[in-house]
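Breakdown of the fold
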Amino acid sequence: MDIMGFLRQRAGDFRCPVCRRSLADCELRQLAHQGPHYTVQVTCRHCSMAFLVALEVQGGGATEADTKERDPISADELLELHRQLADYEGPLTALLEPRQSRD
Ligand SMILES: [Zn+2]
């Protein structure tokens, strides 16, 4: 599964939550990869807004958002993620803490 290629293909479908311009030419950087879980930093080329996307790759090769059970990733989900991160005031590194360490 070429996760970065997948995100690159889909990026143009979404807009930056800050400057509202297309993310088609955004910068993508893979920050973490553990099993089927990927954390990717997306940086807007226009305003340098950076946010994180957590993805889980399923066995069938489909890529699904980690924030919902089994629904395919959708524009609404990514836009909601944008909204949440736009209001997030903590350090971005806090979002990278392994989930199991908090449980
Ligand atoms: Zn922007």
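Structural notes, computed from the coordinates. Everything numeric here is computed off the predicted structure, so don't read it as measured data. (Residues numbered from 1 in each chain as written. Predicted model: local features only at pLDDT ≥ 70, side-chain atom pairs only at ≥ 80, totals over all residues. Heavy atoms only, no water.)

1. Considering the overall build of the protein
Here is the rule: Where helices and strands are cited, they refer to DSSP runs of H or I of at least four residues and of E of at least two residues respectively, numbered from the N terminus. Only protein chains enter the accessibility calculation, which uses a 1.4 Å probe; a residue is then buried when its area is under 20% of its type maximum, exposed when over 50%, and partly exposed in between. When checking whether two residues touch, look at their non-hydrogen atoms; a contact exists if any pair is within 4.5 Å.
Within the protein, the regular secondary structure consists of two helices and four strands. Reading the protein from its N end, one meets helices and strands in the order α-β-β-β-β-α. Looking at the protein as a whole, 34% of its 103 residues are labelled buried. The long-range share in the protein, meaning contacts at least 24 apart out of those at least 6 apart in sequence, stands at 37%.

2. Focus on the pairing of strand 1 (residues 27-34)
Quick reminder of the rule: DSSP calls a pair of strands paired once it identifies at least 2 bridges connecting them.
Here seven bridges tie strand 1 to strand 2 (residues 37-43), and the two strands are oriented antiparallel to one another. Among the inter-strand pairings, Gln30 is bridged to a residue of strand 2, identified as Val40. Between strand 1 and strand 2, which follow one another and run antiparallel, lie two residues, and Gly35 among them has a positive phi close to 60°.

3. Remarks on the nonpolar core
We apply this condition: Remark: nonpolar core denotes a set of buried residues (Ala, Val, Leu, Ile, Met, Phe, Trp, Tyr, Cys) joined through side-chain atoms within 4.5 Å.
With 18 residues, the main nonpolar core has Leu7, Leu23, Cys26, Leu28, Val42, Phe51 and Leu55 as its most contacted residues. For this core, the elements supplying multiple residues, two or more each, are helix 1 (3-11), strand 2 and strand 3 (50-57). Val42 has contacts with Cys26, Glu27, Leu28, Met49, Ala50, Phe51 and Val53, leaving out every residue within four places of it along the chain.

4. Quick notes on unusual backbone geometry
Despite not being glycine, Arg20 has its phi angle at roughly 65°, a positive value. For Arg20, the position within the fold is in the loop between helix 1 and strand 1.

5. Some points on helix 1
Test applied: Arc definition: it is the arc formed by the directions from the helix axis to the C-beta atoms.
Listed in full, the buried residues belonging to helix 1 are Ile3, Phe6, Leu7 and Ala11. Considered in projection along helix 1, the buried side chains sweep an arc of 130° and stay on one side of the axis.

6. Points about the coordination of the zinc ion
Heads up, the condition is: Distances up to 2.8 Å from the metal define which N, O and S atoms are donors, and 3.2 Å serves for Na, K and Ca; water is absent from the atom set, so sites may look incomplete. Each label reflects the angles at the metal, where four donors whose angles all fall between 85 and 135 degrees are tetrahedral, four or six donors whose opposite pairs open beyond 155 degrees and whose other angles stay between 65 and 115 are square planar or octahedral respectively, and the rest are irregular.
Each protein donor to the zinc ion is listed here as Cys16 (SG), Cys19 (SG), Cys44 (SG) and Cys47 (SG); together their distances run 2.3 Å. Its four donor atoms give the zinc ion angles of 103 to 117° at the centre, a pattern that matches the tetrahedral case.

7. Focus: the pairing of strand 3
For a regular strand, side-chain orientation follows a simple rule: the groups alternate between the two sheet faces. Extensive coverage of strand 3 is indicated by the burial of six of its eight residues. Pairing of strand 2 with strand 3, which is carried by seven bridges, proceeds in the antiparallel orientation. Bridge pairing in strand 3 places His37 opposite Glu56. Where strand 2 hands over to strand 3, the hairpin turn is made up of six residues, of which Ser48 adopts a positive phi near 70°.

8. Here we look at the environment of Cys26
Looking at the element boundaries, Cys26 is found in the loop between helix 1 and strand 1. For Cys26, a relative accessible area of 2% corresponds to the buried category. Along the chain, Cys26 and Arg8 lie 18 residues apart, while their C-alpha atoms are 8.3 Å from each other. When neighbours within four sequence positions are excluded, Cys26 is seen to be in contact with Arg8, Ala11, Val42, Thr43 and Arg45.

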